[in-house]
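An overview of the molecular structure
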Amino acid sequence: MKIGILTSGGDCPGINATIRGVCKTAINHYGMEVFGIRSGFRGLLDNDIEPLTEKSLSGLLNLGGTILGTSREKPFKKRLSAASEDKPALMLKNIHELGLDCIVCIGGNGTQKTAAKLAQAGVNVVSVPKTIDNDVWGTDVSFGFDSAVTIATDAIDRLHSTASSHQRVMVIEVMGHKAGWIALYSGMAGGGDVILIPELPYNIHNIGNTIIERLKKGKPYSIVVVAEGIQTINGKKAAEYIAEEIEYETGFETRETVLGYIQRGGSPTPYDRNLATRMGGHATELIASGQFGRMVSLQGAQIGSVSLNEVAGKLKLVDENHDLIVQGKRMGICFG
Ligand code: F6P
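The rules behind the values
- Residues numbered from 1 in each chain as written.
- Predicted model: local features only at pLDDT ≥ 70, side-chain atom pairs only at ≥ 80, totals over all residues.
- UniProt positions renumbered as here; feature names shortened; annotations may be inferred.
- Domains from an automatic or database assignment.
- Helix = DSSP H or I, 4+ residues; strand = E, 2+ residues; numbered from the N terminus.
- Expected span 1.5 Å × (residues − 1).
- Buried ≥ 20, exposed ≤ 12 C-beta atoms within 10 Å, placed from the backbone.
- Arc of directions from axis to C-beta.
- Contact = placed C-beta atoms within 7 Å.
- Near = placed C-beta within 6 Å.
- Nonpolar A, V, L, I, M, F, W, Y, C, P; charged D, E, K, R; others polar.
- Pairing = 2+ DSSP bridges.
- Right-handed = clockwise from strand over helix to strand, strands pointing away.
- Core = buried A, V, L, I, M, F, W, Y, C linked by C-beta atoms within 7 Å.

As named in an unreviewed UniProt entry, the chain is ATP-dependent 6-phosphofructokinase. The Sequence similarities (unreviewed entry) comment attached to the chain in UniProt states, word for word, "Belongs to the phosphofructokinase type A (PFKA) family. Mixed-substrate PFK group III subfamily." Turning to the chain, the UniProt annotation filed under Subunit (unreviewed entry) states: "Homodimer or homotetramer."

So, in structure tokens, the structure goes:
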């Protein structure tokens, strides 16, 4: 059996550990042949593939990024005109000519959608969820999330000392796309005083009051953690907007930090390495048992899988009754 593996969408820590998990299981346990497809789905359009061997799989467990490269190529996106390339047809022709019996797609929400369409077109597909945002529906956790939360928590920890020295309000913006998972988990782990996520509406007067009340209790500084996806006005970025509004509302000196791509870079945490290894191994198990059109998932403590048709097009958002929010509110943290 000849399998192709690709990584698509934004990178994150743990992708290489997944590639290693898929391929080592395929080669050592099942005697399959494995080919790396370069630059996501673009590699299937350009026939850009290379064999992966034990040698090429060395040193991957703790390596950030993706050795296969990635892109945001969406081959099923509507054609602009009859003259533009029929990408789905080209991709199907190439998969057939390359003799690939199955494609493993590692990616976030966009990738799951494309993988579902590829499966509907008759290709044997297995996918693995990957994103720092933790917003892929059908899995409790995606690898990359724990690493991003660890990096963001470390950044918040560091902001505490400078905030307290200068008696300032520090606003930190973290990633997460339309979801607030990174802000909620790093905000709580880093001891944020205000945590704003897209799933919960906020009122700037409440936020201002929280900060003023802290001063009255002898705490002349505050840490505000905001998710990049919160609502703002005039197209302003989350941290910039909230910092301006807080300064206006309270009169306190306020500074902003946008953490950015640092959250996606570097080595995965031990948790993410193990999750990636388990998910990668399970992807190969699905192939070996002929279960295609499925995405590997973590449900509770168990690795399993869900139908790609169920996953495609959905987002996993933070529930307003999430126990971290309920507990945070009880402790006086402001969620908006
Ligand atoms: O999906 C992960 C993510 O890091 C989001 O949190 C962020 O909005 C987005 O990617 C930005 O990625 P890019 O600039 O690569 O499109």
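1. Digging into the domain arrangement of the chain
Splitting the chain by domain gives domain 1 (2-144 + 268-311) and domain 2 (146-264). Computed from C-alpha atoms alone, the centre-to-centre distance between domain 1 and domain 2 is 35 Å.

2. What to know about helix α7 (residues 204-216)
With 13 residues, α7 should cover 18 Å at 1.5 Å per step; its first-to-last C-alpha distance of 19 Å lies within 8% of that length. Residues I207, G208, T210 and I211 constitute the buried set of α7. For α7, the angular spread of the buried residues around the axis is 155°, confining them to a single face. Facing away from the buried surface of α7 by more than 90 degrees, the exposed residues are H205 and K216. Looking at the packing, one finds that the buried side of α7 touches β6 (169-174), β7 (194-196), β8 (222-227) and α8 (238-250).

3. A short note on the site of the ligand
All residues in the neighbourhood of the ligand are listed as G10, G108, T131, I132, D133, M175, G176, H177, E228 and R264. Among the residues making up the shell around the ligand, the classes are represented as 2 nonpolar, 5 polar and 3 charged. Residue assignment places the shell around the ligand across two domains, with domain 1 (2-144 + 268-311) and domain 2 (146-264) each supplying three or more.

4. Quick look at the pairing of strand β1 (residues 2-7)
Among the 6 residues of β1, 5 are classified as buried, and the element is accordingly described as predominantly covered. Where β1 and strand β2 (residues 33-37) come together, 4 bridges link them in parallel fashion. Its bridge partner lying in β2, I3 is registered against V34. With helix α1 (residues 15-29) bridging β1 and the parallel β2, this β-α-β connection has right-handed handedness. Bridge count between β1 and strand β4 (residues 102-107): 5 bridges; the pairing is parallel. Bridging across to β4, T7 finds its partner in I106.

5. Some details on α1
The first and last C-alpha atoms of α1 sit 21 Å apart over 15 residues, in line with the 21 Å expected at 1.5 Å per residue. Most of α1 is tucked away, with 11 of its 15 residues classed as buried. Looking only at α1, the buried set comprises I15, N16, A17, T18, I19, R20, G21, V22, C23, T25 and A26. Next to the buried residues of α1 lie β1, β2, β4, β5 (125-129) and α9 (270-288).

6. Comments concerning the nonpolar core
Among the nonpolar cores identified, the biggest contains 93 residues, and V104, I182 and V226 are the most heavily contacted of them. For this core, the leading source of residues is helix α5 (residues 145-166), giving 8 residues. Three or more residues apiece are contributed to this core by two domains, here domain 1 (2-144 + 268-311) and domain 2 (146-264). Once residues lying within four places of it in the same chain are set aside, the contact partners of V104 are I3, I5, V22, V126, V128 and A283.

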